[in-house]
Amino acid sequence: MHSSIVANEASAPARPAWRAVWSLGLGVFGLIIAEFLPASLLTPMAASLGVSEGVAGQSVTATALVALVTGLLITPATKSIDRRWVLMFFSVLQIISSLMVAFAPSLHVLLMGRLLLGVAIGGFWAMSTAIAMRLVPASDVPKALAIIFSGVSIATVVAAPLGSYLGSLIGWRNVFLLCVVPSLLALLWQLWVLPSMRPENSGSLRTLMRVLRRPGMMGGLLATILIFSGHFAFFTYLRPFLETVGQASVETISLILLGFGVANFVGTSIAGHLLARNLRLTLALVPFAMGILAWLMVAFGHLALVDGLLVSLWGFAFGLVPVGWSTWLATTVTDEAESAGGLMVASIQLAISAGAAGGGAVFDLNGASGVFTASGVLLVAAMVMVFAGVRVKPVAAE
């Protein structure tokens, strides 16, 4: 066995620290709720601050850009700090961010709060795989990652409808005040259950480049970019597609999106079992299935009932993606998981921007059906990349 794998397994615990894993799941729930809230509160936020919705929407862009940079720099910047304190610091940042947004007298203060959230999100995702590897034995890493990512799935389901509903009742500022609660609870829980985790690697920028040059690493990151670009091109323009091609009502669209969220949670929940059976096949077949679903939407998108089924299947498939690629990192770059996680976060944030921007250009030329067709091409290309350019090691057996 490779010496780096031996070193990593030596640092893994003999018994899993499940309470610590669940505390991270609650923490990421708070982060993602805060990240997604502006999407459902943009109109009242813009009116209150005296700016256009387009300008207010830059609060989302600012968060994503800072998350990209933070993902790359967080490991070198915290290379001498106990990971327990770094993780709790991310919860503190979310609390400060939500308070700044809730009491923001101007757009500038609001943007500063959103920048802090970007630091917390980018930093957490960069470290999440490496932390999971230190909290549970190797055979339990996929299950631990599924628990952590379930926080994302639940937040995805509840953030938009709950934010919009509560915003109409108590105002958008009070919604952001409520957003403090899950991160405050997570902080207290993490203070209680997280063990001390001394940094194991140097975490320099030179280390990032060294990890990037490893065999199969570029292929994995490129496949990730293709998958997330394809997904966000699809998801960003899903509502316009359902409105124009599917002729769906607002109520029907809401039900379809709810179906996506619930199926996404189910996919995330069972991801660990599928990945343990065959990691490479799962990584390859998931984007292939998503690509076929996108093309089926183009062919049968005029039928709202079929749209609902296809979107739910898409949600289920996408639930496997974050857990799958985090598991790939955990099994492939065992000795530099934090640096590899930073590269993965940067790739995903780049893909989100590229998917939304490229999808917009295609939408202007060929409408939502053109976007879905292009999305399918990207996703099938991701499957080819997995088979051709990604090195996969089997998940450790229990």
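Here, the structure is the one placed above.
It should be emphasised that the depicted structure is a prediction, and the values quoted were computed from it without experimental measurement. (Residues numbered from 1 in each chain as written. Predicted model: local features only at pLDDT ≥ 70, side-chain atom pairs only at ≥ 80, totals over all residues. Heavy atoms only, no water.)

Visitor: Just checking my understanding: could you explain the overall build of the protein for this structure?
Guide: Within the protein, the regular secondary structure consists of 16 helices and 0 strands. Along the first, second and third principal axes, the C-alpha set of the protein runs to 60 × 50 × 35 Å. Taken across its 398 residues, the protein has 54% of its residues classed as buried. Look at the contacts in the protein between residues 6 or more apart in sequence, and 87% of them connect residues 24 or more apart. Of the roughly 16,500 Å² of accessible surface on the protein, 71% is carried by carbon and sulfur atoms. (Helix = DSSP H or I, 4+ residues; strand = E, 2+ residues; numbered from the N terminus. Buried < 20%, exposed > 50% of the residue type's maximum accessible area, 1.4 Å probe, protein only. Contact = heavy atoms within 4.5 Å. Areas by Shrake-Rupley, 256 points an atom, 1.4 Å probe, with all protein chains shown as cover.)

Visitor: Please explain the side chain of serine 326 as it appears in this structure.
Guide: Position of serine 326 relative to the elements: it lies in helix α15 (residues 304-332). The contacts of serine 326, once residues within four sequence positions are left out, are Thr129, Leu145 and Phe149.

Visitor: Would you explain the environment of glycine 151 in this entry?
Guide: With respect to the secondary-structure elements, glycine 151 resides in helix α7 (residues 141-170). Sequence spacing of glycine 151 and leucine 285 is 134 residues, and the spatial spacing of their C-alpha atoms is 24 Å. Not counting chain neighbours up to four residues away, the residues in contact with glycine 151 comprise Gly25, Val28 and Phe29.

Visitor: Quick question: what am I supposed to make of the packing of aromatic side chains here?
Guide: Note on aromatic pairs: each is described by the distance of the centres and the angle between the planes. Across all of its chains, the model carries 11 aromatic pairs by this definition. For the ring pair phenylalanine 235 and phenylalanine 260, a centre distance of 4.7 Å and an interplane angle of 35° mean the geometry is tilted. Here phenylalanine 235 is found in helix α11 (residues 217-236), whereas its partner phenylalanine 260 is found in helix α13 (residues 250-277), with 25 residues between them in sequence. Take phenylalanine 235: its relative accessible area is 29%, and that puts it in the partly exposed class. (Phe/Tyr/Trp six-rings, centres within 6.5 Å; stacked < 30°, edge-to-face > 60°.)

Visitor: Quick question: what am I supposed to make of unusual backbone geometry here?
Guide: Phi at glutamine 247 is positive, roughly 55°, even though this residue is not glycine. For glutamine 247, the location among the structural elements is in the loop between α12 (238-244) and α13. A relative accessible area of 61% places glutamine 247 in the exposed class.

Visitor: Hey, could you run me through the side chain of threonine 224 in this one?
Guide: Tracing the backbone through its elements, the reader meets threonine 224 in helix α11. In this view, threonine 224 contacts Trp325, Met344 and Ile348; residues no more than four positions away in its chain are not counted.

Visitor: Honestly, a nonpolar patch on the surface in this entry has me stumped. Any pointers?
Guide: On the surface, a cluster of nonpolar side chains totalling about 820 Å² of accessible area is made up of Leu281, Leu285, Phe288, Ile292, Trp295, Leu296, Phe300, Leu303, Val377 and Phe387. Contributions of two or more residues to the nonpolar patch are made by α14 (279-300) and α16 (337-389). Among the elements that make up the nonpolar patch, the one with the highest residue count is α14 (7 residues). Position of leucine 281 among the secondary structure elements: in helix α14. (Patch = residues over 30% accessible without salt bridge, like charges linked within 9 Å, V, L, I, M, F, W, Y side chains within 5 Å. Salt bridge = Lys/Arg side-chain N within 4 Å of Asp/Glu carboxyl O.)

Visitor: Is there a simple way to explain helix α6 (residues 107-135) in this structure?
Guide: It helps to recall that an α-helix has 3.6 residues per turn; residues three or four apart then point in one direction. Between its first and last C-alpha, α6 extends 40 Å over 29 residues, near the 42 Å set by a 1.5 Å rise per residue. When the local axis directions of α6 are compared, the greatest deviation, roughly 45°, occurs at serine 128. Taking burial as the measure, the 29 residues of α6 include 22 buried ones, the bulk of the element. (Expected span 1.5 Å × (residues − 1). Bend = angle between axes of the 7 residues up to and from the residue.)

Visitor: Would you take a moment to explain the environment of valine 362 for this structure?
Guide: Tracing the backbone through its elements, the reader meets valine 362 in helix α16. With relative accessibility at 25%, the residue valine 362 sits in the partly exposed group. On a C-alpha basis, the gap between valine 362 and valine 333 in space is 36 Å, while along the polypeptide they are 29 residues apart. Every residue in contact with valine 362, bar those within four places of it in the chain, is listed here: Gly367, Gly370 and Val371.

Visitor: Got a minute to help me understand the packing of α14 against α15 in this structure?
Guide: If you want to describe how two helices pack, look at the angle between their axes and the distance between the axes. Remark: α14 packs on α15, axes separated minimally by 9 Å, with the N-to-C direction vectors making an angle of 155°. Relative to α15, α14 is oriented roughly antiparallel. For α14 against α15, the interelement crossing comes out left-handed. Grouping the amino acids of the contact of α14 with α15 by side-chain chemistry returns 20 nonpolar, 3 polar and 1 charged. (Axes fitted to C-alpha atoms, helices over the stretch in contact; angles between N-to-C directions. Parallel < 35°, antiparallel > 145°, perpendicular 65-115°, else oblique. Left-handed = near helix turned anticlockwise from the far one by under 90°. Nonpolar A, V, L, I, M, F, W, Y, C, P; charged D, E, K, R; others polar.)

Interpretation in functional terms is not warranted from these geometric data alone.
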